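# Inside the fold
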Amino acid sequence: MNQFRFSRRPDIGDKIRVSFEFFPPKSDEMEARLWDTVTRLEPLKPKFVSVTYGAGGSTRERTARTVKRILNETALTPAAHMTCVNAARHEVDEVIQEFAEMGVTRFVALRGDPAEGVGAAYRPHPDGYANGAELVGALKGVGDFDISVSAYPEKHPESPDFATDIDMLKRKVDNGATRAITQFFFDNDLYERYVERARRAGIYIPIVPGILPVHNFTQVANFSSRAGALVPAWLAERFDGLQKDPQTHALVASAVAAEQVLDLVERGVGDFHFYTMNRADLVFAICHMIGIRSHEAEAAGSAAA
Ligand code: FAD
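Rules used throughout
Residues numbered from 1 in each chain as written. Predicted model: local features only at pLDDT ≥ 70, side-chain atom pairs only at ≥ 80, totals over all residues. Heavy atoms only, no water. UniProt positions renumbered as here; feature names shortened; annotations may be inferred. Helix = DSSP H or I, 4+ residues; strand = E, 2+ residues; numbered from the N terminus. Near = heavy atom within 4 Å. Areas by Shrake-Rupley, 256 points an atom, 1.4 Å probe, with all protein chains shown as cover. Pairing = 2+ DSSP bridges. Axes fitted to C-alpha atoms, helices over the stretch in contact; angles between N-to-C directions.

If you check an unreviewed UniProt entry, the protein appears there as Methylenetetrahydrofolate reductase from Mesorhizobium mediterraneum. According to the UniProt record, the Cofactor (unreviewed entry) comment for the protein reads "FAD". In UniProt, the protein has this text filed under Sequence similarities (unreviewed entry): "Belongs to the methylenetetrahydrofolate reductase family."

What follows is the structure in structure tokens.
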């Protein structure tokens, strides 16, 4: 063990920025859980927190309500996800306007999955924005927003090859994207290779790794191939036999996520986006390990000393 590793420096937290992703709740119970999570993570002072948007506008109102509550009741900066699948341009423009009037200055601009489900052939709305890049252009036409877009370290399942995938990312950057957030991945080499490919293609915006804590391995494994993310055999092996042992599953999930994040820190990564799944504990613990502390925790620590 080497005490001089980058991730063990006492000032590591000053060099790292985090953002958290939430999804809009469907029920009162889920709403209560989300707000417990927001309350727990808020003191970590993330750069922003983002709220997802159902493809085809299925969560339009819930996303807007959640973003509004974050704006009104917290000191956090929300980023509204937007998709353009199955919507005419004027409908998408209306949503942009609604968020802008609310005071939203950050967006995560996405095409969205086909209405028929992930894996079906994508057909743009005849009068709609065709992809994420066109949506970025529409947002930039309304205001000088901070716009994040998607990136796929293992390439998007619809991309025939990496060149096409990187070309789409380049088009998003050319239209005004400020940052890319990656699909979740478990093999850091794939992320590093993707970033190298992007840099070689002249893409210089931050490409922030999206970290997915594995709260439920079976669900993640089912979803991952459709999302364009590989579940490596070694990861499956770690969760093998834990379906009925939630406590051990949670401990293994913490260890896996911490290992991934600390390794990325060693590789020089300074920005992380966490797919929280509206749960705080695991993300809070990982942030703690990389020196991201809440003021409450610091105050308690110095009182104890
Ligand atoms: P795009 O980047 O527009 O396209 C995806 C790929 O398809 C491109 O890389 C490109 O290779 C290929 N492609 C597209 N158009 C063409 C073309 N004309 N010619 C050749 N190739 C083309 N989904 C939601 O519904 N709501 C969310 O809130 C949400 N948030 C997300 C957040 C992040 C960080 C990520 C990574 C994904 C998120 N998604 C969300 C999922 C996303 O909507 C899906 O992955 C969707 O299938 C692609 O959307 P995109 O914006 O990445 O598409």
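### Here we look at unusual backbone geometry
Of note in this structure, lysine 155 is not a glycine but carries a positive phi near 65°. By the secondary structure assignment, lysine 155 is in the loop between β5 (146-151) and α5 (162-174). Unusually for a residue other than glycine, asparagine 278 sits at a positive phi of about 60°. Here asparagine 278 shows up in the loop between β8 (271-275) and α10 (281-289).

### With respect to the site of the ligand
Close to the ligand lie 22 residues; Tyr53, Asp113, Ser150, Ser159 and Lys172 are nearest. Isolated, the ligand exposes 970 Å² of accessible area, and the fraction of that covered by the protein chains is 83%. Mapped by element, the contributors of at least two residues to the shell around the ligand are β3 (78-83), α5 and β6 (179-184). When residues of the shell around the ligand are assigned to their parent elements, the largest contribution, 4 residues, is made by α5.

### A short note on the sheet that holds β3
As summarised here, the arrangement of the 8 strands in space is β1-β2-β3-β4-β5-β6-β7-β8, forming a closed barrel in which the pairing is parallel. Strand-to-strand twist across the sheet, computed as the mean angle between neighbouring axes with direction ignored, equals 30°. In this structure, strand β4 (residues 106-110) lies alongside β5, joined through 4 bridges in parallel fashion. Residue pairing across strands places alanine 109 opposite valine 149, the latter belonging to β5.

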